[in-house]
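Results of the structural survey
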Amino acid sequence: MKVAYFPGCSLHSTGIEFDISVREVCKAVGIELEEIEGWICCGATSAHATNHLLSLAMPAYSLALAERMDVEDVVAPCAACFNRLKHTAVLCQDKATFEKVRELLPIPWENRLRIRNLLDLFVGMLEEIKPKITKPLSDLKLASYYGCLLLRPPHICQFDDPENPTTMDELLRACGAQVVDWTHKTECCGANLTIPRSDLVVELTYRILKSAKTAGADAIVTACPFCHLNLDARQADVHRVKGEIFNIPILYFTQVLGLALGIPAKKLGLRRHLVDPFLIPTLRRR
Amino acid sequence: MLDLVADDTLANQIKEICGENVKKCYQCGKCTASCPLAFAMDVKPNQVMRMAQIGLRDVLSSSTIWICASCASCTARCPLEIRISYVMDALREIALKENIPPKEPRIPLFHKIFCRWVGWLGKLYELGFIMEYKLRSGQWFNDILMGIKMFINGKLNPFPTTSPNSEVVRQLMEKTSQR
Ligand code: SF4
Ligand code: SF4
């Protein structure tokens, strides 16, 4: 299966281990990723927070480039990019909005591609993936953390139950792991407030870490580079401000799947996290 | 006598930008109850809705419109299906256009510098963007330790990644800002 790949800006930098593990895992399960040539930033929060039309036009341009490829689906692993691409595709189903956006673009655009996130794609092919799971992570207890942008707003994302999603749980269970029941699977981490108002992000991430720890999770699994940054890199600040040490590793779901597929840990970028995943004995042997 | 006639201008501006009708809100408070950041806001989301309904333009200088993280919990739960997070976006857009001094100046500064870097390179060069933000916001020293650790772990790319189509981004920015 060939899909157009929209990595997004984070996956070249702060989320580099997401990109590395996405590419490894897709290779292993038979998804061919072809990067959209010449793609531009989706605009992220800063575009939609300041200019509505621009926030639709930026993703539309990259989608128009993808329409020149021989594909039906565009895959954006980053939850934020997925959210912006899908906003564009869904809101432009309205004819007037579509015309407004199309007028701005220098190249033709029909808005005909499907926007997918990887979780959705993997769970759709779970029966094919299951036989390839050779190294199940049976003694691992994981908290599946969906955050905001994969799920909300529901009229855009059209993915899973926004109040109690289970797609990632299903994937993690297929990897052999135990999935804990916890309270914060869809709570917000504060996203880009992490730079201008890190104090607020420390408060929100503290609550999430605390809930995962109380539920007995060894690690938190995420699908978003913002969430990853806030939960992983801000743990030191949470310690400083709240006086509580968590040391909970934060993993991307692609890393967990990769490990279960038998891909060595060093090929999945696990060493790049700030909270060392090898604190978990099971992972040390991988 | 106190003039109690509501002014529709703001409600109409919001509708024009994002299509949402703030007049539908019946003040159930569910948005505020769902909001993870309500504790840090000076005007709570349901109050924002009321102010927008009756045209109290003070809402444009609230901290709320900048602190809102666009998590859309409110939008997912509003019984009237008002997309409150889009209303927040529209209020920010209006506040910027009307040059209303923001109560949380660092947040719009963050967005402005973000957009400028993306306009230059077509993609976000995180390290360059963060350095400029730190310099201009005066928050130079926080996060230095975190930054160093991320750099060592290879999570802050020292080199900018660029798109050959950065010109398109600039054109889109230009065209959409004229409206
Ligand atoms: S949830 Fe909807 S109806 Fe209720 S107060 Fe908020 S905006 Fe108004
Ligand atoms: S989108 Fe903004 S106002 Fe709505 S719940 Fe999230 S932070 Fe609160």
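Residues numbered from 1 in each chain as written. Chains lettered and ligands numbered in written order. Predicted model: local features only at pLDDT ≥ 70, side-chain atom pairs only at ≥ 80, totals over all residues. Heavy atoms only, no water.

**What about the confidence of the model for chain B?**
Residue and element names in this part refer to chain B.
- Across chain B, the average pLDDT comes to 89, with 97% of residues at or above 70.
- Summarising per-element confidence for chain B, the mean pLDDT is lowest in helix H9 (residues 144-152) (80) and highest in helix H2 (residues 30-34) (98).
- Two summary scores accompany this predicted model of the complex, namely pTM at 0.93 and ipTM at 0.91. (pLDDT = per-residue confidence, 0-100. Helix = DSSP H or I, 4+ residues; strand = E, 2+ residues; numbered from the N terminus.)

**Describing the sheet that holds strand S6 (residues 178-179) of chain A**
Residue and element names in this part refer to chain A.
- An order of S6-S5-S7-S8 is seen for the 4 strands of this open sheet, with the pairing classed as parallel. Each edge of the sheet is formed by a strand with only one pairing partner; in this case those strands are S6 and strand S8 (250-252).
- Looking at chain direction, strand S5 (residues 141-144) and strand S7 (residues 219-222) are connected through 3 bridges and run parallel. Across the sheet, the residue bridging to Ala 143 is Ile 220, located in S7.
- The sheet strands contacting helix H11 (residues 225-233) are S7 and S8, and the helix crosses S8 at an angle near 165 degrees. (Pairing = 2+ DSSP bridges. Contact = heavy atoms within 4.5 Å. Axes fitted to C-alpha atoms, helices over the stretch in contact; angles between N-to-C directions.)

**Some thoughts on the pattern of salt bridges**
Residue and element names in this part refer to chain A.
- If you walk through the whole model with that rule in mind, you get 26 salt bridges over all chains.
- Across the salt bridge formed by Arg 23 and Asp 19, the nearest N and O atoms sit 3.2 Å from each other. Of this pair, Arg 23 and Asp 19 are both found in helix H1 (residues 16-29), 4 residues apart, which corresponds to roughly one turn of the helix.
- Across the salt bridge formed by Asp 237 and Arg 240, the nearest N and O atoms sit 3.0 Å from each other. (Salt bridge = Lys/Arg side-chain N within 4 Å of Asp/Glu carboxyl O.)

**Focus: the site of ligand 2**
- The environment of ligand 2 is formed by Cys 35, Pro 36, Pro 45, Cys 68, Ala 69, Ser 70, Cys 71, Ala 72, Ser 73, Cys 74, Ser 85 and Met 88 of chain B.
- For the shell around ligand 2, the secondary-structure elements that each account for two or more residues are helix H5 (73-77) and helix H6 (84-97) of chain B. (Near = heavy atom within 4 Å.)

**Description of the interface of chain B and chain A**
- At the junction of the two partners, chain B supplies 57 residues and chain A supplies 63 residues.
- Summed over both partners, the interface of chain B with chain A comes to about 5,200 Å²; 62% of that surface belongs to carbon and sulfur atoms.
- At the junction of chain B with chain A, the criterion picks out 2 salt bridges.
- Here Arg 197 of chain A and Glu 104 of chain B are joined by a salt bridge, their closest N and O atoms 2.8 Å apart.
- For the pair chain B and chain A, the interface holds 18 residue pairs in polar contact (both at pLDDT 80 or more). (Buried area = accessible area lost by both parts, 1.4 Å probe. Polar contact = N/O pair within 3.5 Å; in protein donor to acceptor, adjacent residues only side chain to side chain.)

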